Amino acid sequence: MNIPMHRFKYTKLTKDQIGKALKATEAGPKSKSDLSDVLKGKSIKIITQNGPVLEYKFDDKNRLTFSENGGKKIKAGYGALTLRQMIFFSHMMPEDQRGYNVYIDQDTNLVTVIEVGLSTGRTEPTLGGDPIVVDDREVQRQLYFGYVEVAGQEAPKELHHLTNRLEGKGLYWKQDTGHEVLELYASVANTNFVDLTRQADDLSYVAPSDYVRVNHHIFIHDKTECEFSGMFTSFVCDLFECTQAGVRLGFNEKDELEYYMFRGEGKVVGQLAFLEPFDEHGKSGMVYQAPGDPTIPGKWQRMTYRPARTFKYMTDEEVHEAALKNTIKFGGTEGAAPQMMAINNMPYSDILVGKKFILRYDNGGPVRHYEFPEKYKLRYMEEGENKWHEEPCRVYEGDDNLAWFAHMLTDSKPRASVKMAVDLTNGLTTCIHSHMGTKYYGNETTYRAIFGVCEMEGLEPPQYVRHEFTDELVGHAFSWSYSDQMTSMHLYTSPHSMSWTIFTANQTMGAQWCSPCIYVKLREGVYLFCQNEEACNGAQMIELINTKVTHDCGFGFSGGATGVNLGVVGALGRHIGCFNIREFYGPKKKKGV
Amino acid sequence: MAILKSQTDDMQADRGRRSFIWKVGAGMSAVAAATVPGYAKTLFSSDKKTNIDDLAKQITILENEKIINVLHKQYEELLDKGRYSEIPAMFTDNAEVVFNGGLFKGTSGIKRLFCNCFASGMTGRKINHAPGIDFKPEQDRVEISPDQRSAKAIFTYSIQVGAPIDSDSTLVKMARLQGEGIRKWWEAGVYEVSYVKDIKGWKIERLEYKTFAKADYKPGQSYAKPISIPIFSKVFPAEPFGPDRLVKSV
């Protein structure tokens, strides 16, 4: 698929449509690998904590009879796979649009049960709006921990439990279907994944997840592609051998039901540091925390960021009307207080005061003449114009003799801003040209990078050498503290995308979302990073990242009902680690989708 | 005998400036006296009727003190656990709460304070005193009126106070999703509380937060420095979670 998931219009499948499609699951899941007959002829009773009692009789390799809480006996198709001492089996109850995925540790008789359901009609609070009813096609899950009852044995005191032992770890997986995926577990509640097979673009996405510890090297994982197809994937993995056995359930972008089991092999691609206290083991799940209502929510609930639900569509004209009433530049006044995202910013610089130059961008790009009479004010004139435009500006010295500044384009429609890195040592420049509006939303920004040279007395810019796009940051993660109250971890997941993760109060990595982005190399260790929160809030962040001082500085550009805003952004960074994933990207890696 | 005399003297002393103030410590001694056979015998020997009446009154006062203490503990616990919606029921219909330069009045005002203002900032979680901040707490005390229909109390507090970070940024929205997105700090002071008793029992009639110290402290931090937090400058509805009236605040 070459439409990014966050742009794809997934069908709102009805309960009836889903029910009809799920009839196919009566036969049990398919599998490329041979399913196991380890359970054939056996009967087991599973007792779960705060969940159902499940009684199973496995008639053969594919058929079982079971009951919930001593209720009626139900026949269903199932499939089972083994992985070391683990048995994993999966079955559905098509009439109920529910099913169970059961992971049994034969060494301990401990069990993790993941109940799944579709068309649950579950409501969920949103951020600032009324509660929503979750789409019927989105697979819901509920975890229960328990054990297999053994006659004459006491119930175990310790059960499987949620864990942070996978937090910060990244794995590459290749399944027996040929499907390849990068999964970066940079949160205890989400998975950042790049579908290397199904998606034409190397974009990363975020899926709410659970992580369960079986023992020190075996873990159970699930993720649901909420806000996208709603697809559910779960597996048990053994990190000693980097193998997995799992299941995929849900409706793909063609609304086709996928219900199959898989085996996979993989490799660990890196580990980020996690910053919570050393005695924090992540045993408590993260749930939606309405202020003042910290009680654990009901069945199926999970912490899911659903930004598009509250992002109100505006036309280009509506946004421009708002901009005419209110276009804010750098807080509005010269001495404006630092903005929330810039408490830890780099200082403003007077490096350009008194300077004059021409920025000439390639391939018919803009040519602008600049003068800097004051620290916070510039004049510019497009080539061919005979009148100077005066605009407020903010200038940083992002690296030695490297100016980084921004301003609005006067009276632009749609409102546009430009951010320029100008290397006063070698005469190279990059401009990030941004304006309001995309083909999707009038209140979403767009950007492009253009490369060129700076013509200034005393500088001899090169003819061929230019700043260029780079993947050098790909795989790296930095925490960025905009203020003591606001820190986000940026994970540069692919050459075209990134994710951000919000720390909880004890610095566990929690809520997460993602966006496309670009990276430009200015110098060794100095980069421009530009991301746009597409289908989210439409805002963009354009930062100069100086890895030598682990500090960034830059600009934010956004617009909507309250007008258009060009602001400043800057943060103190910490390098959290790096995934070795660059090898998975690039045109040569694409085998056709 | 000597022990009893000294206790009686203490009681007399307390009948001076604050005629019906009973410090919890003194009250507990009186209970001990009343329940120890040797002491009771001595007491009854002088003027049985008066002493029995006094003692009965003292016991009622002690019982009411105990109820007030339990009520306050319940108030603190509800705050600590974030069960804000249960707090307004502890107040009378025309009660007042003074907090941060604002007076919240009546059921609607008190609901606004606890269910909106406090809830959005997760205010009220009990935390330790910020290190290095000079603050000498007063002693908790409860005084029951002579007619035992009302009471006044002072309780010290050391709590986390918070206010939502005012931003529509994605980061803040996501932080809110997981119960964060709140600027938090530490405050310590005393609650000055007035109670009234009706047929349903004791309720809070007025509660004032008298804050003596504020610092940029969070649990786990080894340092703190005093901070200044702006008081309310607008009232409801201009300030959606604001007070009904602005007042001079400590």
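Source: prediction; values computed, not measured. (Residues numbered from 1 in each chain as written. Chains lettered and ligands numbered in written order. Predicted model: local features only at pLDDT ≥ 70, side-chain atom pairs only at ≥ 80, totals over all residues.)

**Description of the overall build of chain B**
- Summing up its helical and strand segments, chain B has six helices and nine strands in all.
- A total of 250 residues make up chain B; the buried ones form 33% of that total.
- Within chain B, contacts between residues separated by at least 24 positions form 63% of all contacts whose residues are at least 6 apart in sequence. (Helix = DSSP H or I, 4+ residues; strand = E, 2+ residues; numbered from the N terminus. Buried ≥ 20, exposed ≤ 12 C-beta atoms within 10 Å, placed from the backbone. Contact = placed C-beta atoms within 7 Å.)

**Let's talk about the overall build of chain A**
- Looking only at helices and strands, chain A features two helices and 39 strands.
- Principal-axis analysis of the C-alpha atoms places the extent of chain A at approximately 90 × 50 × 45 Å.
- A buried classification covers 51% of the 593 residues belonging to chain A.
- Sequence-distant contacts, at least 24 apart, represent 55% of the contacts inside chain A between residues at least 6 apart.

**Digging into the sheet that holds strand S29 (residues 428–436) of chain A**
Residue and element names in this part refer to chain A.
- One open sheet holds the nine strands; their spatial order is S25-S24-S23-S22-S30-S29-S28-S27-S26, and the pairing between them is antiparallel. The open sheet has two free edges, formed respectively by strand S25 (389–392) and strand S26 (394–399), since each of these has just one partner strand. Averaged over all pairs of adjacent strands, the angle between strand axes in this sheet comes to 30°, irrespective of strand direction.
- Sheet topology places strand S22 (residues 356–361) next to strand S30 (residues 445–455); four bridges connect them, and they run antiparallel. Residue pairing across strands places Arg360 opposite Val453, the latter belonging to S30. (Pairing = 2+ DSSP bridges. Axes fitted to C-alpha atoms, helices over the stretch in contact; angles between N-to-C directions.)

**Focus: the sheet that holds strand S2 (residues 43–48) of chain A**
Residue and element names in this part refer to chain A.
- If you walk around this closed barrel you meet the eight strands as S2-S3-S4-S5-S6-S7-S8-S11, and the pairing is antiparallel. On average, adjacent strands in this sheet sit at an angle of 30° to one another, irrespective of strand direction.
- For strand S4 (residues 63–68) and strand S5 (residues 74–83), the ladder comprises four bridges, and the chain directions are antiparallel. Bridge assignment links Phe66 to a residue of S5, and that residue is Ile74.

**What to know about unusual backbone geometry**
Residues and elements named next belong to chain A.
- Of note, the bond from Lys413 into Pro414 is cis; its omega dihedral lies within 30 degrees of zero at -5°.
- Among the secondary structure elements, Pro414 is positioned in the loop between strand S27 (402–408) and strand S28 (416–423).
- Of note in this structure, Asn50 is not a glycine but carries a positive phi near 60°.
- Residue placement: Asn50 occurs in the loop between S2 and strand S3 (53–58).
- With 8 C-beta atoms packed within 10 Å, Asn50 lands in the exposed category.

**What to know about the nonpolar core**
- In this structure, A:Phe88, A:Val236 and A:Leu528 are the most contacted members of the largest nonpolar core, which totals 163 residues.
- Ignoring anything within four residues of it in the chain, the contact list for A:Phe88 reads A:Ala80, A:Leu81, A:Leu83, A:Tyr103, A:Val236 and A:Ala245.
- Counting residues in each nonpolar core, the second largest holds 41 residues, with B:Tyr75, B:Ala119, B:Ile144 and B:Tyr217 among its members. (Core = buried A, V, L, I, M, F, W, Y, C linked by C-beta atoms within 7 Å.)

**Examining the domain arrangement of chain A**
Residues and elements named next belong to chain A.
- Looking at the assigned domains, one finds that chain A contains domain 1 (15–309) and domain 2 (316–588).
- Once you take the C-alpha centre of each, domain 1 and domain 2 turn out to be 40 Å apart.
- With 37 residues of domain 1 at the interface, the matching set in domain 2 holds 32 residues.
- Elements represented by at least two residues in the side of domain 1 that touches domain 2 include exactly strand S13 (169–175), strand S14 (180–185), strand S15 (190–195), strand S16 (204–213) and strand S20 (257–271).
- Taken together, the residues of the side of domain 1 that touches domain 2 sort by class into 22 nonpolar, 10 polar and five charged. (Domains from an automatic or database assignment. Nonpolar A, V, L, I, M, F, W, Y, C, P; charged D, E, K, R; others polar.)

**Considering the interface of chain A and chain B**
- Each partner contributes residues to the interface: chain A has 24 residues there, and chain B has 20 residues.
- Those elements giving two or more residues to the side of chain A that touches chain B turn out to be strand S33 (486–494) and strand S35 (509–523) of chain A.
- Considering each element in turn, the side of chain A that touches chain B owes the most residues, three residues, to S35(A).
- Of the residues assigned to the side of chain A that touches chain B, the class counts are 16 nonpolar, seven polar and one charged.

**Overview of the confidence of the model for chain B**
Residues and elements named next belong to chain B.
- Overall, the predicted model of chain B reaches an average pLDDT of 80, with 80% of residues at or above 70.
- The model gives residues 1–44 a pLDDT under 50, and that stretch makes 38 contacts with residues more than four places away or in other chains.
- As scored by the predictor, the complex reaches a pTM of 0.84 and an ipTM of 0.77. (pLDDT = per-residue confidence, 0-100.)

**Describing helix H2 (residues 316–325) of chain A**
Residue and element names in this part refer to chain A.
- For H2, every residue scored as buried is listed here: Val319, His320, Ala322 and Ala323. Here the buried residues of H2 occupy an arc of 160° about the axis, which is enough to place them on one side. Exposed residues on H2 whose side chains face more than 90 degrees from its buried face are Glu317 and Lys325.
- Contacts made by the buried residues of H2 are with strand S21 (327–329), S29, strand S38 (551–560) and strand S39 (563–578). (Arc of directions from axis to C-beta.)

**Notes on the pairing of strand S32 (residues 476–483) of chain A**
Residue and element names in this part refer to chain A.
- Strand direction decides the pairing type here: S32 and S39, joined by six bridges, are antiparallel. Its bridge partner lying in S39, His476 is registered against Cys578.
- Both S32 and S33 contribute to a ladder of six bridges, which runs antiparallel. Across the sheet, residue Ala477 finds its bridge partner in S33, namely Leu491.
- What sits between the antiparallel neighbours S32 and S33 is a turn of two residues.

**Quick look at helix H6 (residues 170–177) of chain B**
- By the criterion of burial, H6(B) is predominantly enclosed, with eight of the eight residues buried.
- Of the residues making up H6(B), those classed as buried are B:Thr170, B:Leu171, B:Val172, B:Lys173, B:Met174, B:Ala175, B:Arg176 and B:Leu177.
- Where H6(B) is buried, its residues touch S33, strand S34 (497–503) and S35 of chain A.
- Among the residues trailing H6(B), B:Gly179 stands out with phi positive, at a value near 80°.

**Observations regarding the environment of A:Pro4**
Residues and elements named next belong to chain A.
- Topologically, Pro4 is positioned in the segment before helix H1 (15–22).
- Look at Pro4 and you get partly exposed, because 18 C-beta atoms sit within 10 Å.
- The spacing of Pro4 and Gly384 is 380 residues in sequence and 40 Å in space, taken between C-alpha atoms.

**With respect to the environment of A:Arg306**
Residues and elements named next belong to chain A.
- Within the secondary structure layout, Arg306 lies in the loop between S20 and H2.
- Judged by the 19 C-beta atoms lying within 10 Å of it, Arg306 falls in the partly exposed class.
- C-alpha separation for the pair Arg306 and Arg7, spaced 299 residues apart in sequence, amounts to 14 Å.

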